[in-house]
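# Structural characterization, general
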Amino acid sequence: MSASQPAFTDYIEFEHSENSGNDSDEETLLFPGGVHSQQHEERSFFGLLTDIWRPGADAESSRVNHSFSTEEKRKLNLYESIDYFAPNSAVYRRWLARQPHRRAWDRWLMMGSIGVTTGLVAYSLYVVINALAEFKYGITRWLLLHTNLFVAWLFNTTVSLALVGGSSALVVGWAPAAVSSGVPEVMAYLNGILLPKVFNIFTVVVKFASCALAVASGLPVGPEGPMIHIGAALGAALSQGHSTTLGFSTKIFRRFRNPKDKRDFVTAGVAVGVATAFNAPIGGLLFAFEEVASFWQHSLGWQIFFACMCATLTLNLSRSAGKALFHSGSFGWFNQDVVFEAGVEISAHILAIVPAAVVGLLCGVLGIGFTLLNLKIARFRDATLSRYKWRRCIEPCVLVVVYVTGTMLLPRMFPCTPTRCVTYQNQVYCGIQNVTAALNGTGPPTDTPPLQLPLYTCSTGPVMADNGTWIPSTGTITPDSPTNASAVVFYNELATLMLNTGDETIKHLVSRGAHRRFSYQSLMVMLAWYFLGAAVAAGSAISSGLFVPMLMMGAILGRIVGLATTDIADKYGQLLSSWTMAGALSNPWSWIDPGAFALVGAGAFMSSVTRLTIALAVIMVEISDDVHMLLPVLVAIMVAKWVADAATHSLYHALLEVKCAPFLVHEPVSKFSLELLPVSTVMRSPVVTLELHMKVADIQAVLRDTSHNGYPVVRDSSAGQICLGLVTRGHLLALLQQLIDGYNSHGGTSRGAANGGSSAAAAAPHDGDAGAQAQRRQQQHQQPLLARQLSWSELNRKMMEPVEASRAAPEQQMVAIQNAADWEIDLAPGLLSQVVDLSPYVNSSALKVQETMSLQRAYILFRNMGLRHLVVVDEHNRVRGIVTRKDLLGFKLDEAVGRALRRVESAQQLGQANWLSSSPPATPPNRSAWRPQGAAFAMPLPAVR
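Described in the following lines is the structure provided in the data block. Just so you know, these numbers come straight off a predicted model, no measurement behind them. (Residues numbered from 1 in each chain as written. Predicted model: local features only at pLDDT ≥ 70, side-chain atom pairs only at ≥ 80, totals over all residues. Heavy atoms only, no water.)

## A few points about the overall build of the protein chain
Short version of the rule: Secondary structure is summarised from DSSP: a helix means a run of H or I of at least four residues, a strand means a run of E of at least two, and numbering begins at the N terminus for each. Only protein chains enter the accessibility calculation, which uses a 1.4 Å probe; a residue is then buried when its area is under 20% of its type maximum, exposed when over 50%, and partly exposed in between. Contact between two residues is taken to exist if any of their heavy atoms lie within 4.5 Å; hydrogens are not considered. All accessible areas in this document rest on Shrake-Rupley with a 1.4 Å probe, and a residue is counted as covered only by the protein chains that are shown.
Scanning the protein chain from N- to C-terminus turns up 37 helices and 17 strands. The burial tally for the protein chain puts 57% of its 945 residues in the buried class. Here the analysis covers contacts within the protein chain between residues at least 6 apart in sequence; of these, 79% occur between residues at least 24 apart. Carbon and sulfur atoms make up 61% of the accessible area of the protein chain, which totals about 37500 Å².

## Quick look at the sheet that holds strand S12 (residues 710-717)
Put simply, the rule is: A pair of strands is considered paired only if DSSP assigns at least 2 bridges between the two.
Here we have three strands laid out as an open sheet, ordered S10-S12-S13, and mixed in their pairing. Lying at the two open borders of the sheet, with one neighbouring strand each, are strand S10 (690-691) and strand S13 (720-728). As paired elements, S12 and S13 share eight bridges and run antiparallel to each other. Its bridge partner being in S13, proline 712 is matched across the sheet by leucine 726.

## Some words on helix H23 (residues 594-610)
The α-helix advances 3.6 residues per turn, and as a result positions three or four apart in sequence lie on the same side. Rules: What a helix should span is 1.5 Å times the count of its residues minus one. By the criterion applied in these results, polar contacts are pairs of N or O atoms within 3.5 Å in which, for protein atoms, one can donate a hydrogen and the other can accept it, and in which residues neighboring in sequence qualify only through two side-chain atoms.
Relative to the 24 Å expected for 17 residues at 1.5 Å per residue, H23 spans 24 Å between its end C-alpha atoms, a close match to the ideal helical length. Of the residues that open H23, the one with a side-chain oxygen 2.7 Å from the backbone nitrogen of glycine 595 is aspartate 593. Where H23 terminates, the next one or two residues include arginine 611, which has phi positive at roughly 65°.

## As for the nonpolar core
Let me state the cut-off plainly: Take the buried residues of types Ala, Val, Leu, Ile, Met, Phe, Trp, Tyr and Cys, join any two whose side-chain atoms come within 4.5 Å, and each joined set is a nonpolar core.
One finds Phe199, Phe278, Phe287, Phe370 and Phe547 to be the most contacted residues of the largest nonpolar core, which totals 136 residues. When sequence neighbours within four positions are dropped, the list of residues in contact with phenylalanine 287 reads Ile228, Val270, Val274, Val292, Phe547, Leu612 and Ala615. Within the second largest apolar cluster, 28 residues are counted, among which are Val91, Tyr711, Ala734 and Leu795.

## A short note on the sheet that holds strand S17 (residues 879-884)
Quick note on the threshold: Here, axes are lines fitted to C-alpha atoms. For helices the fit covers the stretch in contact, and angles between N-to-C directions go from 0 to 180 degrees.
As summarised here, the arrangement of the three strands in space is S15-S16-S17, forming an open sheet in which the pairing is mixed. One side of each edge strand has no neighbouring strand; the edge strands of this open sheet are strand S15 (848-850) and S17. Going across the sheet, the axis of each strand differs from the next one's by a mean of 30°, ignoring polarity. Two strands pair when backbone bridges link them, and S15 and strand S16 (residues 869-873) are joined in this way by three bridges, in the parallel orientation. Counterpart to valine 849 in the pairing with S16 is valine 872. Relative to S16, helix H36 (residues 855-864) is tilted by about 145°, and along the sheet it contacts S15, S16 and S17.

## Some thoughts on the packing of helix H15 (residues 353-384) against helix H26 (residues 651-658)
The condition is simple: Any angle that falls under 35 degrees is termed roughly parallel, while one over 145 is termed roughly antiparallel, one within 65 to 115 roughly perpendicular, and all others oblique. Two helices cross in a left-handed way if the nearer one is turned anticlockwise from the farther one by less than a right angle. They cross in a right-handed way if the turn is clockwise. Three residue categories are used. Nonpolar comprises Ala, Val, Leu, Ile, Met, Phe, Trp, Tyr, Cys and Pro, charged comprises Asp, Glu, Lys and Arg, and polar comprises the others, including Gly.
Orientation of H15 relative to H26, taken along the N-to-C sense of each, is 20°, at an axis distance of 10 Å. The angle between the axes of H15 and H26 places the two elements in the roughly parallel class. Considering the relative orientation of H15 and H26, their crossing is right-handed. Contact residues: Phe370, Thr371, Asn374, Leu375, Ala378, Arg379 and Asp382 in H15; Leu651, Ala654, Leu655 and Val658 in H26. Considering only residue class, the contact of H15 with H26 consists of seven nonpolar, two polar and two charged.

## Here we look at the packing of aromatic side chains
Stated formally: Working definition: a ring pair exists when centres of Phe, Tyr or Trp rings (six-membered ring for Trp) sit within 6.5 Å. Plane angles under 30 degrees give stacked, over 60 give edge-to-face, the rest tilted. Lysine NZ or arginine CZ positioned within 6 Å of the ring centre and within 35 degrees of the ring normal marks a charge as sitting over the ring.
Applying the stated rule across the entire model yields 19 aromatic pairs. Centre to centre, the rings of phenylalanine 68 and phenylalanine 891 are 5.6 Å apart; their planes meet at 65°, and the pair counts as edge-to-face. One end of the pair, phenylalanine 68, is in the loop between helix H4 (45-52) and helix H5 (70-76); the other, phenylalanine 891, is in helix H37 (residues 890-902), and 823 residues separate them in sequence. With respect to burial, phenylalanine 68 and phenylalanine 891 carry one shared label: buried. One aromatic cluster in this structure is built from Tyr92, Trp95 and Trp792. Here the guanidinium or amino end of lysine 136 rests over the ring plane of tyrosine 137, the centre of that ring lying 4.1 Å away.

## Quick look at the pairing of S12
When S10 meets S12, the two strands line up parallel, connected through two bridges. Of the residues in S12, the one forming a bridge with leucine 690 is valine 713. The antiparallel pairing of S12 with S13 creates a hairpin that spans two residues between the two strands.

## Structural notes on helix H20 (residues 520-537)
The end-to-end C-alpha distance of H20, which contains 18 residues, comes to 25 Å, matching closely the 26 Å that a straight helix rising 1.5 Å per residue would cover. All buried positions along H20 are accounted for by Ser522, Leu523, Met526, Leu527, Tyr530, Phe531, Gly533, Ala534, Ala535 and Ala537. If you follow the buried residues of H20, they end up packed against H15, helix H16 (389-409), helix H18 (493-498), helix H19 (502-510) and helix H21 (547-571). Directly after H20, the chain includes glycine 539, whose backbone phi takes a positive value near 90°.

## Description of the environment of valine 354
Tracing the sequence through the fold places valine 354 in helix H15. Relative accessible area serves as the criterion here: at 54%, valine 354 is assigned to the exposed category. Taking the C-alpha atoms as reference, valine 354 lies 8.5 Å from proline 632; in sequence the two are 278 residues apart.

## Observations concerning unusual backbone geometry
Backbone torsion omega between serine 685 and proline 686 reads -10°, so that peptide bond is classified as cis. Within the secondary structure layout, proline 686 lies in the loop between H26 and S10. Of note, lysine 197 is a non-glycine position whose phi angle comes to about 60°, a positive value. By the element assignment, lysine 197 lies in the loop between strand S2 (193-194) and helix H10 (201-216). Here lysine 197 falls in the partly exposed class, since its relative accessible area comes to 45%. A positive phi angle, near 55°, is found at asparagine 279, a position not held by glycine. Its location among the elements puts asparagine 279 in the loop between helix H12 (259-278) and helix H13 (281-292).

Structure below.
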């Protein structure tokens, strides 16, 4: 590289993240607007809103790449990438040769341990949430019936405010990485992006406590998202067997301390988190495969399936043991562990596809609105609240007061609804005027046993049954025991939906046989209020998820369509009956049920927001235990996804775009085929390269004047300097630190390779006696300092021995950031002139591609293999450029296509032009490796890789 030309000139990038490593950088990654919010505050409030709500800022089709502003491009460079595979150097191969090759029992044991631990944590979380929620809602209902609305509101608001205040204080004050659901952050990590403290032990503890408090407070949030984050963190913690936060490290399972195994176990933790959140082991496996895993193997799938099975078994056994302990069930029975069990099966009919498609269409449109509103609020929050911790704490507190006030006052708009509770076959049923007619097929099917129907301010007196027992007058319509009499009772439709936990409300919505339990008005009001509350609560400074809100809004919309279908069936029942089979299925009531379409809507809305398909369909079947509705669910999911894809990106992907994280999607998006472009159109060149044998001063200058995380290593040949592999920045830092320690420990005397260390002299050519003698005289003062090669554990202390490495990291960084004058003063003069042999530390398996390789295939190779660097070479294996994650982002691909289109006269020439003619100039065959010269010391060459 010439001394007058910077390495990568597209835009200036931040310094190496390990060099900075301070709290402000971590806050920036967790709250992207925090560092730059001062710039927004200097602008007018109207100008800020105009910029955030500008048309097209987030309304982008899934087939369009997100456009980053100049400031957002600068934020992209705060993130550092990580490799999936460990560098395959000589020292790594020696370490790998000592590891058991075909031993698998410890891997299966670890997978089972992750499943069991996550299952126990999930059960504990649900117990805490249920206990707090029952306390809050139980007393609130009692106060509504025995005092007045104001007293009940005051209690409900006070308790909710205390819960949310504690939840927010834990996140803001102790673990900012625990904010929100954590699903986008886990997805980013498994995509190859390093985020600070995402799997920290404090993050897990705060995530647990904050989530329990937030969900029990009554905010429109759920625990499923945090469970995914907790599962991923447990997968990382158990497999690595250490904690830098607590300062301890174990010696067990040390062979798993490599990037590949860690990411595999984190992937298993994600799947286990989904499995415990929905009691859906197969859905958890498919979620990991479809949404988060960048690298997948057949054996990994089996192991994750085993982990999900262990997690589900542990969760169900814990629930069963809890029921047996409190005398509410028998140990070992799992019959009541389906999350949203339908209860009453209905027959499927081909005509159900029509309302299912309508549900998918409406959910797709509503999902677009929810995604856009969520993103706009996230941008506004980052611009106005992220800079001040007290603002982040106050926001959810204000929100919970407003939301709880609405849930207490809005039901006053609705009258008390009478219903008829009757007994049939020793079960209590509500809402059916004539059970006999229902069972004979002349009316709607019988209702299920009633759930919690809050009376709100409605009242009913105790009624004596025929057998002399009383139907109790409690806060809900839940008679303690079946009776042989009936009584007219009253309940409030909207209070039934609002004064319940999210799970209980969804159970009401998907319950079968209760066609008229909720009217259009109550469903519409609930949808509007919950929609706004969920959009604002998402992303606030609490630990919470969006899965329950998504299922809730979809279920409401699906029930509205189901209710409309019911009205159509009432009016045109005879016509519908003529299209069905004769006999028991001749009644349209046998397949028209608002509860069934609520289940369809729940899956459709979730698909419109997350773009899940296969995993979501399986999860919906597992949580409902109703395979009969699989076809309508599939139709609604696909329609909703197609509609949402036309206007927005997936919410989790879009949130990563808001955070300016360099996330690589599954397939590259471009208006033109990237098969027509070579990889050379996006590569960076010229490249800073190293030779196999370099002076300490040269290595130190490279590390000081650049902040790349990988350097191709070359050697001279008849064809020029050919690429041998790649060496990482971390390994160079560790090597130089060990060189300094070894030099100082031997009194500043250089040592040869007598004890096994490699020598520059050993690698030097000896073509003639005169030349050999001259080289030997020259190398007498350039012998390598190490008497041995560094081991793999020493090179990777940050992963193998993280506790000790965290203390030594500042010393390693000093090697690179000290200037030349400091080195001459602090170190002996002979140190800088010593020669280091890099051959044992070169990743000889670093992937290289020809510059003529298509950009499409280079992208797929880079993402699927979890790469951090991709070296581009010519036909003689000479380095032409390098490709990193940020070179393959969507806007970079668009720029590459734009440059290509400007170089041709018409689109027809796109497949015929010689694209190589537009590539950067080739490296001259006789060009030497990079040497720091003159002004090169002052050149700004920062680049995070």
